Amino acid sequence: MHSLLRLSAFSGLILSGAIFGFFYAWICSTMWGLDAADPKVAIAAMQAMNASVRNAVFAPAFFGTPFALLLTAGLALWAGRRDAVWPFAAAGVVYLFGAMLLTMLVNVPMNEALALLEIPADPGEAARIWADYSPRWQVWNQTRTLVSGITLCLAGYGMMRLGRGLA
């Protein structure tokens, strides 16, 4: 039982860190780079990145994080480690609603709308499209990044609570 709890807790922590890092990278490099590029290039690049992100490497971190954390909370409860239940449960719920659901309700529809656009020949029109898209997308990305950071902190705190009790 303790081995399964350790594996689940470690998986939840790693997945939380992976998704936090993924969202954070968009803040500190990707979007700044796209904003500095020609809007036509930015639109095309964003369309390509959004099309490529749905893959087997990204899926475990995005979809698996809340379930690994909630599984860990359940295993901690079953193992009598009530002190570790709440941080893992909170981490799972916070990520599920504050990052995963937010992404599916806001960022994904924005990405899908951008994907349907043909890149306009007129540079002014491309600039208008990018100016309408990028700032709004970034606000929601920053929100999900903050939520994912909180998730990671809660998972780390849960690991600390488990501490030597699993040794």
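Below is a short write-up of the structure. Computed from a predicted model, the values in this text were never measured in an experiment.

Right, let's get into the state of the cysteines. Per the counting criterion, the structure on display carries zero disulfides. No disulfide involves C28; its sulfur sits 17 Å from that of C153, the nearest cysteine.

Our next topic: a nonpolar patch on the surface. On the surface, F63, L70, V93, F97, L101, M104 and L105 cluster together into a nonpolar patch covering about 620 Å² of accessible area. Elements with a contribution of two residues or more to the nonpolar patch: α3 (58-78) and α4 (82-116). Within the secondary structure, L105 sits in helix α4.

For the rest of this paragraph, the subject is helix α1 (residues 2-36). Between its first and last C-alpha, α1 extends 50 Å over 35 residues, near the 51 Å set by a 1.5 Å rise per residue. Maximal helix bending in α1 amounts to about 45°, located at W26. Among all positions in α1, only L5, S8, A9, G12, L15, S16, I19, F23, W26, M31 and L34 are buried. Of the surrounding secondary structure, the elements contacted by the buried residues of α1 are α2 (39-52), α3, α4 and α5 (123-162).

This part covers the environment of P123. Along the chain, P123 falls in helix α5. On the basis of relative accessible area, P123 is assigned to the exposed category, the value being 54%. Counting along the chain gives 83 residues from P123 to K40, while the straight-line C-alpha distance between them is 7.2 Å.

What follows covers the packing of α1 against α2. Where α1 meets α2, the closest approach of the two axes is 9 Å, and the angle between their N-to-C directions is 135°. Judged by the angle between their axes, α1 and α2 are oblique. Between α1, through W26, T30, M31 and L34, and α2, the contact on the second element is made entirely by A42, A45, M46, M49 and N50. Residue composition of the contact of α1 with α2, by class: seven nonpolar, two polar and no charged.

Right, let's get into the packing of α4 against α5. Look at α4 against α5: their axes get within 8 Å of each other, and the N-to-C directions meet at 165°. As summarised for this structure, α4 and α5 are arranged roughly antiparallel, according to the angle between their axes. Relative to α5, α4 is oriented so that their crossing is left-handed. Of the residues contributing to the contact of α4 with α5, the split by class is 25 nonpolar, nine polar and four charged.

Our next topic: the environment of E112. Inspection of the secondary structure puts E112 in helix α4. Along the primary structure E112 and P66 are separated by 46 residues, whereas in three dimensions their C-alpha atoms are 24 Å apart.

Turning next to the environment of G21. The topology assignment puts G21 in helix α1. Once the C-alpha coordinates of G21 and S148 are considered, the two residues, 127 residues apart in sequence, prove to be 8.7 Å apart.

Before going further, it helps to examine the packing of aromatic side chains. All told, the structure shown has ten aromatic pairs when counted by the stated rule. Considering the side-chain rings of F22 and W26, the 6.1 Å spacing of their centres and the 70° angle between planes classify their relative orientation as edge-to-face. Residue F22 and its partner W26 are both found in helix α1; the two are separated by four residues, about one turn of the helix. Considering the side-chain rings of F62 and F63, the 4.8 Å spacing of their centres and the 85° angle between planes classify their relative orientation as edge-to-face. By relative accessible area, which is 40% here, F63 ends up partly exposed. Three or more aromatic residues joined by ring pairs make a cluster, and in this case those are F22, F23, W26, F58, F62, F63, W130, Y133 and W137.

Thresholds applied
Residues numbered from 1 in each chain as written. Predicted model: local features only at pLDDT ≥ 70, side-chain atom pairs only at ≥ 80, totals over all residues. Heavy atoms only, no water. Disulfide = S-S within 2.5 Å. Patch = residues over 30% accessible without salt bridge, like charges linked within 9 Å, V, L, I, M, F, W, Y side chains within 5 Å. Areas by Shrake-Rupley, 256 points an atom, 1.4 Å probe, with all protein chains shown as cover. Salt bridge = Lys/Arg side-chain N within 4 Å of Asp/Glu carboxyl O. Helix = DSSP H or I, 4+ residues; strand = E, 2+ residues; numbered from the N terminus. Expected span 1.5 Å × (residues − 1). Bend = angle between axes of the 7 residues up to and from the residue. Buried < 20%, exposed > 50% of the residue type's maximum accessible area, 1.4 Å probe, protein only. Contact = heavy atoms within 4.5 Å. Axes fitted to C-alpha atoms, helices over the stretch in contact; angles between N-to-C directions. Parallel < 35°, antiparallel > 145°, perpendicular 65-115°, else oblique. Nonpolar A, V, L, I, M, F, W, Y, C, P; charged D, E, K, R; others polar. Left-handed = near helix turned anticlockwise from the far one by under 90°. Phe/Tyr/Trp six-rings, centres within 6.5 Å; stacked < 30°, edge-to-face > 60°.

Worth remembering: the numbers are spatial, not functional.
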